[in-house]
Each structure stands twice: as C-alpha cells, then as structure tokens.
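Take a look at the letters that make up each chain.
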Amino acid sequence: DTGVSQDPRHKITKRGQNVTFRCDPISEHNRLYWYRQTLGQGPEFLTYFQNEAQLEKSRLLSDRFSAERPKGSFSTLEIQRTEQGDSAMYLCASSSHYGYTFGSGTRLTVV
Amino acid sequence: GQQVMQIPQYQHVQEGEDFTTYCNSSTTLSNIQWYKQRPGGHPVFLIQLVKSGEVKKQKRLTFQFGEAKKNSSLHITATQTTDVGTYFCAGPGVSGGSNYKLTFGKGTLLTVNP
C-alpha cells in the first residue's frame, strides 16, 4: 500500500482521557503534516515535520497536544486531557515536492 | 488575520450545468493548490498552479491563477454526479511560517441533481 495510513479510523473517548493517533506516511515523503477538520470547515494546520524534526506548530495548538516523528518515519499525535472541543477529524498528510497526500483520517469524538 | 477565502460556500446545480468556485488570498501566493473531498472522504490533491495567469485543464475542469497571484478559480463544464464534493483551494505560507504549510479555504460544497 503506497498511501498514507492512519490508525485508528474512529476513536470515542471520555472527556479528560488521553488519546494517541498514528500516521504512516508514504515512505519516500520526507514531510509530514497534521491537520484538524471540523464539519463545514477546511483542514486547519496543527504541526509539520521534515524528517524527524518538528519544524512548526500552530499557535492555536494548546500544550495538551504533542506530536512526534521518531526516526523520520511514522508519526504520533497525542491529546492529553481531552475536551469536547477536541472532537474533530484529525488528518495526516505527507508530501515530497508539491501536493499533499492525505490519509483517511481519525475521527475523534469526546463524550 | 491572513487567510484564504472561497465563494460560494454551497452550489447546487442540475447535471450538465457548469460550476465555478472562486478563491482569494489576502497575500500574494507562490502557488495555489486545489483539492477535492468527496462526502465522508479525505481531501485529494487535484492540481498546483505556479505562474501568474496560468491556466490548466483536466478534462472538464479548468483551473486559473490570477495575474496578481492572489486569486484563483476552478470551473467545471457540464457537471456530472461524480463531481459531487467539496472543493478546497490552499495556499502556502499565507499565515506565515513555512512555504510547505498550506492554509486551506473553507471550501465550496457542490451538489449535483441528476
């Protein structure tokens, strides 16, 4: 499979719990991005990696969010102490030159 | 703040009619990209435009980049039911930071009545 894989596809969690999502990018792509999308909105930038280095993080991202990309391969996005406002689709994308390839996303529901 | 704006937000057409969506940036862009998201799906890259005034075609889809590189349009000729989805434009570096970071518009949702 040469696409971007995300796991899990769906996650329901109780408010206050921690959640972690995984993204496996296209292997030849050195750049990896995390975006968040809510209903009726475009994807909103969260953070971006070039190889293993996290080069940019949105100012809108609270300290409860953290992302890693060890060894420049897969990436994880962790949300600590989830809140109802965190409910959204979390999209991972990778790229090499131009144009993002998105994964199918992880839909998070915080109850 | 700096952003990418799209109009209209929604467009409903009869199959066979044409469709156009417009994208405007508050800043000059090095390039503009277009994505399509089917209902329940994820965004899929369609095209990138780089040059001022550039026009590119993909079958029934025509993409244009404005002379000032601040606006763009997507035109679909003779829509089909397979064109249903949300069309997003995205520009790099709009809100500052890396040119690899894309800022997306809110999209135009196209529905087609067969």
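Residues numbered from 1 in each chain as written. Chains lettered and ligands numbered in written order. Predicted model: local features only at pLDDT ≥ 70, side-chain atom pairs only at ≥ 80, totals over all residues. Heavy atoms only, no water.

**Structural notes on the state of the cysteines**
No. 1: Taken as a whole and assessed by the stated rule, the structure comprises 2 disulfides over all chains.
No. 2: In this model, A:Cys23 is linked to A:Cys92 through a disulfide, with the two sulfur atoms separated by 1.9 Å. Across the S-S bond linking A:Cys23 and A:Cys92, the dihedral sits near -65 degrees, which makes this disulfide left-handed. Taken together, the residues span a long stretch of sequence, with A:Cys23 in strand β3 (residues 19-24) and A:Cys92 in strand β9 (residues 88-95) at a distance of 69 residues.
No. 3: Assessed through its relative accessible area of 0%, A:Cys23 is described here as buried.
No. 4: You can call A:Cys92 buried: its relative accessible area is 0%.
No. 5: B:Cys23 shares a disulfide with B:Cys89; S-S distance 2.0 Å. On the sign convention where negative is left-handed, the bridge of B:Cys23 and B:Cys89, at about 80 degrees about the S-S bond, is right-handed. With B:Cys23 in strand β3 (residues 19-25) and B:Cys89 in strand β9 (residues 85-92), this residue pair connects regions lying 66 residues apart in the sequence. Like B:Cys23, the residue B:Cys89 is buried in the burial classification. (Disulfide = S-S within 2.5 Å. Helix = DSSP H or I, 4+ residues; strand = E, 2+ residues; numbered from the N terminus. Buried < 20%, exposed > 50% of the residue type's maximum accessible area, 1.4 Å probe, protein only.)

**Considering the interface of chain B and chain A**
Where interface size is quoted, it is often the accessible area lost as the parts come together.
No. 1: The interface is formed by 18 residues belonging to chain B together with 20 residues belonging to chain A.
No. 2: Summing the contributions of chain B and of chain A, the shared interface buries around 1,600 Å²; its carbon and sulfur component is 55%.
No. 3: For the interface between chain B and chain A, the tally reads 1 salt bridge.
No. 4: Residue B:Lys101 is joined to A:Glu56 by a salt bridge in which the shortest nitrogen-to-oxygen separation is 3.0 Å.
No. 5: Scanning the region where chain B abuts chain A turns up 5 residue pairs in polar contact (both at pLDDT 80 or more).
No. 6: Secondary-structure elements contributing two or more residues to the side of chain B that touches chain A are β4 (32-37), β5 (44-49) and β10 (102-104) of chain B. (Contact = heavy atoms within 4.5 Å. Buried area = accessible area lost by both parts, 1.4 Å probe. Salt bridge = Lys/Arg side-chain N within 4 Å of Asp/Glu carboxyl O. Polar contact = N/O pair within 3.5 Å; in protein donor to acceptor, adjacent residues only side chain to side chain.)

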